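# Topology and contacts: notes
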Amino acid sequence: QWLVEPLIEANGINLIYGRGDVTKSMLALALALSALKGVPVVGDKVCFKAKSVLYLDWEDTATEHKKRLRAIHKGLTGSSEIPRNLFHVTMDAPLVMKQKVIQELIAAHEAEFLIVDSLGLACGGSPSDESLAIPTLSAIRGLGIPSLFIHHLNRASVISKDISEGFGSTFIRNIVRRSWAVIRAEESEPYHPVVGIFDTKSNHGPSDEKVYVYKITFNNINKQLDSVVFSKEAIHNYESLWPYSRK
């Protein structure tokens, strides 16, 4: 059932969503490294090691991606060497237009985990547009490997505490198998953001009531990002996250 338990299911589409300042892309890279190394940077357990990960990026440059990946890898292992089996691809067209290319990349690299950053740009328009979102999600669902979409939540949903409505539309909610809202704690300090990860959909029984809270520490040397460390925190220390919890 799992690639990285309990955050990434091994079958179908997974989704993380949140505001633009909640380090979703960093979490996605942490999940990618977890799958590659067999060690949970985030999550509780890696259930199988992926041969390789394919990261389709509409958001950032390859240079920015490498900087983040190197920092997270150093925080985990102490080494700045970038794993050679995480393949970053800069995307410049809607996903459905690149479906054949993506299939070829997955086969060539023997990828066993796919990350799409982000849903809106992959769709080529608003994810609330059914004519764009359904073909995009369906194209990935047909690839037969675990996938993770990153999705930007509008600010109004965060303010209203309505984290369950961040999908863009009902059909996005219906297609994804597992979804998580990512909320930044108001108590976060500069270079030490704290995020809560809340289960908002599970296809296998009731949603997980546990809230996964992580402090993400950015360590700089000479004003340059050197390493990133993820550490588990207790939700009772972060009152601003309490309204989102079902417990």
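Scroll up to find the structure.
Counting of residues starts from 1 at the beginning of each chain's written sequence and follows it residue by residue. Local features are withheld for residues below a pLDDT of 70 in this predicted model, meaning they are given only at 70 or higher, and side-chain atom pairs are given and counted only at 80 or more; totals for whole chains, interfaces and linings count all residues. To get the side-chain values, all heavy atoms of the structure are used, and hydrogens and water are removed first.

## Thoughts on the sheet that holds strand β2 (residues 8-9)
Note on pairing: DSSP must find at least two bridges between two strands before they are called paired. Secondary structure elements follow DSSP: runs of H or I no shorter than four residues count as helices, runs of E no shorter than two count as strands, and numbering proceeds from the N terminus. Strand order across the open sheet formed by three strands is β2-β1-β4, with antiparallel pairing between neighbours. Single-partner strands in this sheet number two, and they are β2 and β4 (45-46). In terms of strand pairing, strand β1 (residues 2-5) meets β4 through two bridges, oriented antiparallel. Its bridge partner being in β4, Glu5 is matched across the sheet by Lys45. Running at roughly 115° to β1, helix α1 (residues 24-37) makes contact with β1, β2 and β4 of the sheet. Here, residues are in contact when the closest pair of their heavy atoms is within 4.5 Å. Here an axis means a line fitted to C-alpha atoms, over the contact stretch when the element is a helix, while the angle between two N-to-C directions is reported on a 0 to 180 degree scale.

## Let's talk about the environment of His73
Within the secondary structure, His73 sits in helix α2 (residues 62-77). Apart from the residues within four sequence positions on either side, His73 is in contact with Leu33, Lys37, Gly78, Ser79, Glu81 and Pro83. In terms of polar contacts, His73 uses its side chain to reach the backbone carbonyl oxygen of Glu81, at 2.9 Å. Polar contact is defined as a pair of N or O atoms within 3.5 Å, subject to the rule that within protein one atom must be able to donate a hydrogen and the other to accept it, and that residues adjacent in sequence are counted only when both atoms are side-chain atoms.

## Notes on the packing of aromatic side chains
Within 6.5 Å between ring centres, the rings of Phe, Tyr and Trp (the latter by its six-membered ring) count as paired, and their orientation is classed by plane angle as stacked under 30 degrees, edge-to-face over 60, tilted in between. Scanning all chains against the criterion turns up two aromatic pairs. Ring geometry for Trp180 and Tyr212: centres 5.8 Å apart, planes at 80°, overall edge-to-face. Taken together, the residues span a long stretch of sequence, with Trp180 in strand β9 (residues 178-184) and Tyr212 in strand β11 (residues 212-221) at a distance of 32 residues. Per residue, the accessibility class of Trp180 equals that of Tyr212, and both read buried. Ring plane angle 50° and centroid distance 5.8 Å describe the contact between Phe198 and Tyr244, whose orientation is recorded as tilted. Residue Phe198 is located in strand β10 (residues 194-202), and its partner Tyr244 is located in the segment after β12 (224-233); the two are separated by 46 residues in the primary sequence. Phe198 sits in the buried class, given a relative accessible area of 3%. Categorising residues by exposure relies on relative accessible area from a 1.4 Å probe, with only protein chains included: less than 20% of the type maximum marks a residue as buried, more than 50% marks it as exposed, and the intermediate range marks it as partly exposed. A residue is classified by how much of its surface remains accessible, and Tyr244, at 9% relative accessible area, is buried.

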